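Chains, contacts and geometry: an overview
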Amino acid sequence: MKRTILAVVTSTLLAGSALADEMKLAVTTSFHNSGLSDILLPQIKQDTGIEVQLLVVGTGQAIKLGEAGDVDAILVHSRKAEDKFLAGGFGTHRREIMYNDFVFIGPSDDGAKLGDATSAKDALKRIADSAAPFVSRGDDSGTHKKELSLWAAAEVTPEGDWYNAVGAGMGAALNTAAGLDAYIMADRASWLNFGNKGDLALVYAGDPVLFNQYAFLPVNADKHPHVKTELAAKLEAWLVSDTAKALINDYKINGETLFVFNAE
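It should be emphasised that the depicted structure is a prediction, and the values quoted were computed from it without experimental measurement. (Residues numbered from 1 in each chain as written. Predicted model: local features only at pLDDT ≥ 70, side-chain atom pairs only at ≥ 80, totals over all residues. Heavy atoms only, no water.)

1. Digging into the overall build of the chain
The helix and strand inventory of the chain stands at 11 helices and 12 strands. In terms of overall dimensions, the chain has C-alpha extents of about 80 × 40 × 35 Å along its principal axes. Classification of the 264 residues of the chain by burial places 48% in the buried group. Taking the contacts inside the chain whose residues are at least 6 apart along the sequence as the reference set, 74% of them involve residues at least 24 apart. (Helix = DSSP H or I, 4+ residues; strand = E, 2+ residues; numbered from the N terminus. Buried < 20%, exposed > 50% of the residue type's maximum accessible area, 1.4 Å probe, protein only. Contact = heavy atoms within 4.5 Å.)

This is the structure in C-alpha cells:
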C-alpha cells in the first residue's frame, strides 16, 4: 500500500515538474511557416529544459492572447501594435530578436511591371492601376497591418474584384495566390520556405519601408499573476544568446538567409 501511495505521489510530482517547465508562446504564422521554429524549439528544450508550446496565429490574435493572459509571452512583428500592448500594461517590455523583410510576389511574367517599380508604394499603385489580382491575408496579422499601411501611404483604397482578402495565414494566402496567379505581399522567410510556388516569383523587394522586425514581449504578471514569468525570462535569455544567434543567422534555404539576428 505504501509503495502504491509513493508511486502515485512520485508520479504526481513528476507531472507537476513537467508542467512547471512548459510555457505558452504565441507566434506569428510567418515565423512558424518559415521553418525556423523547427530548428529553435529542440535546442531550447535541450539547453533550458523548457517545453515551449506554440500558439501559431497572426500578430493581432497573438496580442489578444497576451492581453487575455492565455500565453506567457508573444513573438510578433508589428511595432505599432506592440507599443499599444505595452502602453496598456499587458507586456513588461519589448526585446528585438531578429528581422527580415517583406517582398512582393507575383506572376513570373509580371504583367503589372512591379519589377520596374521605384518603391513599395509604386509597386502597389501599379497593381491597383492594372487591376491585377492581389491576395491579402486579411487577418489582422503583422503582414496584413503592414500591407494596409502601405496602401494608405500609396493613397490607394484596395477594393474591387481584383482584391482578394482571404482571412488566413501566410501559407494559405500564398497557396491562394498561386492558385489565382496573383500578386501578394509576403515575408521573405515564408516565401523561401513555401513549397507550392506554381508560376509565382519574387518581383519586387528592397524598399527600406519593407523592413520586418520580430520582437519578444513577456506578458505582465501584474495583469495575469498566473503567467510563467521566470520561464519567459529564461526563454528570452536564450533567444538573445550566442547559440540563438548562430542558429538564426545560419538558417538558410537554397543558400538564402531567412532571418538576421539583431538582439542586443
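2. A word on the environment of T28
Take T28: it is sitting in strand β1 (residues 22-28). The sequence separation of T28 and H77 amounts to 49 residues, and the corresponding C-alpha distance is 7.8 Å. In this view, T28 contacts V56, V57, T59, L75, V76, H77 and Y214; residues no more than four positions away in its chain are not counted.

3. Brief notes about the packing of helix α3 (residues 36-48) against helix α10 (residues 229-239)
The N-to-C vectors of α3 and α10 enclose an angle of 115 degrees; their axes lie 11 Å apart at closest approach. Comparing their axes, α10 and α3 come out roughly perpendicular. Considering the relative orientation of α3 and α10, their crossing is right-handed. Here α3 contributes L40, Q43, I44, D47 and T48 to the contact with α10, which in turn contributes K234, L235 and W238. Along the lines of polarity and charge, the residues of the contact of α3 with α10 split into four nonpolar, two polar and two charged. (Axes fitted to C-alpha atoms, helices over the stretch in contact; angles between N-to-C directions. Parallel < 35°, antiparallel > 145°, perpendicular 65-115°, else oblique. Left-handed = near helix turned anticlockwise from the far one by under 90°. Nonpolar A, V, L, I, M, F, W, Y, C, P; charged D, E, K, R; others polar.)

4. Things to note about α10
Because each turn of an α-helix spans 3.6 residues, side chains separated by three or four positions in sequence point in the same direction. Every buried residue of α10 is listed here: L231, A232, L235, E236, W238 and L239. Looking straight down α10, one finds its buried side chains confined to an arc of 160 degrees; they lie on one side. (Arc of directions from axis to C-beta.)

5. Observations regarding the packing of aromatic side chains
In this structure the tally under the stated criterion is 10 aromatic pairs. Ring centres of W162 and Y163 lie 5.7 Å apart, and the angle between their planes is 75 degrees; on these two criteria the pair is classed as edge-to-face. Note on accessibility: W162 and Y163 belong to one class, buried. Members of the aromatic cluster, connected to one another through ring pairs, are F134, W151, W162 and Y163. It is K197 that lies over the ring of W191; its NZ or CZ is 4.7 Å from the centre. If you follow K223 out to its NZ or CZ, it ends over the ring of F90, 4.8 Å from the centre. (Phe/Tyr/Trp six-rings, centres within 6.5 Å; stacked < 30°, edge-to-face > 60°. Lys NZ or Arg CZ within 6 Å of the ring centre and 35° of its normal.)

6. A few points about the domain arrangement of the chain
Here the chain is partitioned into domain 1 (2-99 + 211-261) and domain 2 (102-210). Spacing between the C-alpha centres of domain 1 and domain 2 amounts to 29 Å. Of the residues lining the interface, 20 residues belong to domain 1; the matching set on domain 2 comes to 20 residues. Both faces considered, domain 1 and domain 2 share a buried interface measuring about 1400 Å² in area, 52% of it formed by carbon and sulfur atoms. When the buried surface of domain 1 facing domain 2 is broken down by residue, N33, F211 and I253 rank first, second and third, together holding 30% of it. (Domains from an automatic or database assignment. Buried area = accessible area lost by both parts, 1.4 Å probe.)

7. What to know about the environment of N254
Note that N254 resides in the loop between β10 (252-253) and β11 (256-257). For N254, a relative accessible area of 77% gives the class exposed. The spatial distance from the C-alpha of N254 to the C-alpha of S37 is 18 Å, given a sequence separation of 217 residues.

8. Quick look at the pairing of β1
Within β1, five of the seven residues are buried, leaving the element largely enclosed by the surrounding structure. Inspection of the sheet shows β1 paired to strand β2 (residues 51-57) by seven bridges, in the parallel sense. By the bridge assignment for β2, A26 is matched with L55. Two strands pair when backbone bridges link them, and β1 and strand β3 (residues 73-76) are joined in this way by three bridges, in the parallel orientation. Considered in β3, the bridge of A26 is made with I74. (Pairing = 2+ DSSP bridges.)

9. Topic: the side chain of S141
For S141, the location among the structural elements is in the loop between β5 (134-136) and α7 (142-153). Residue S141 is classed as buried on the basis of its relative accessible area, which comes to 1%. Of the polar contacts made by the side chain of S141, one reaches the side chain of R137; its length is 3.3 Å. (Polar contact = N/O pair within 3.5 Å; in protein donor to acceptor, adjacent residues only side chain to side chain.)

10. Here we look at the pairing of β3
Of the two faces of β3, both are covered, the one formed by A73 and L75 as well as the one formed by I74 and V76. Both β3 and strand β9 (residues 211-218) contribute to a ladder of four bridges, which runs antiparallel. Each residue of the ladder has a partner; that of V76, found in β9, is A215.

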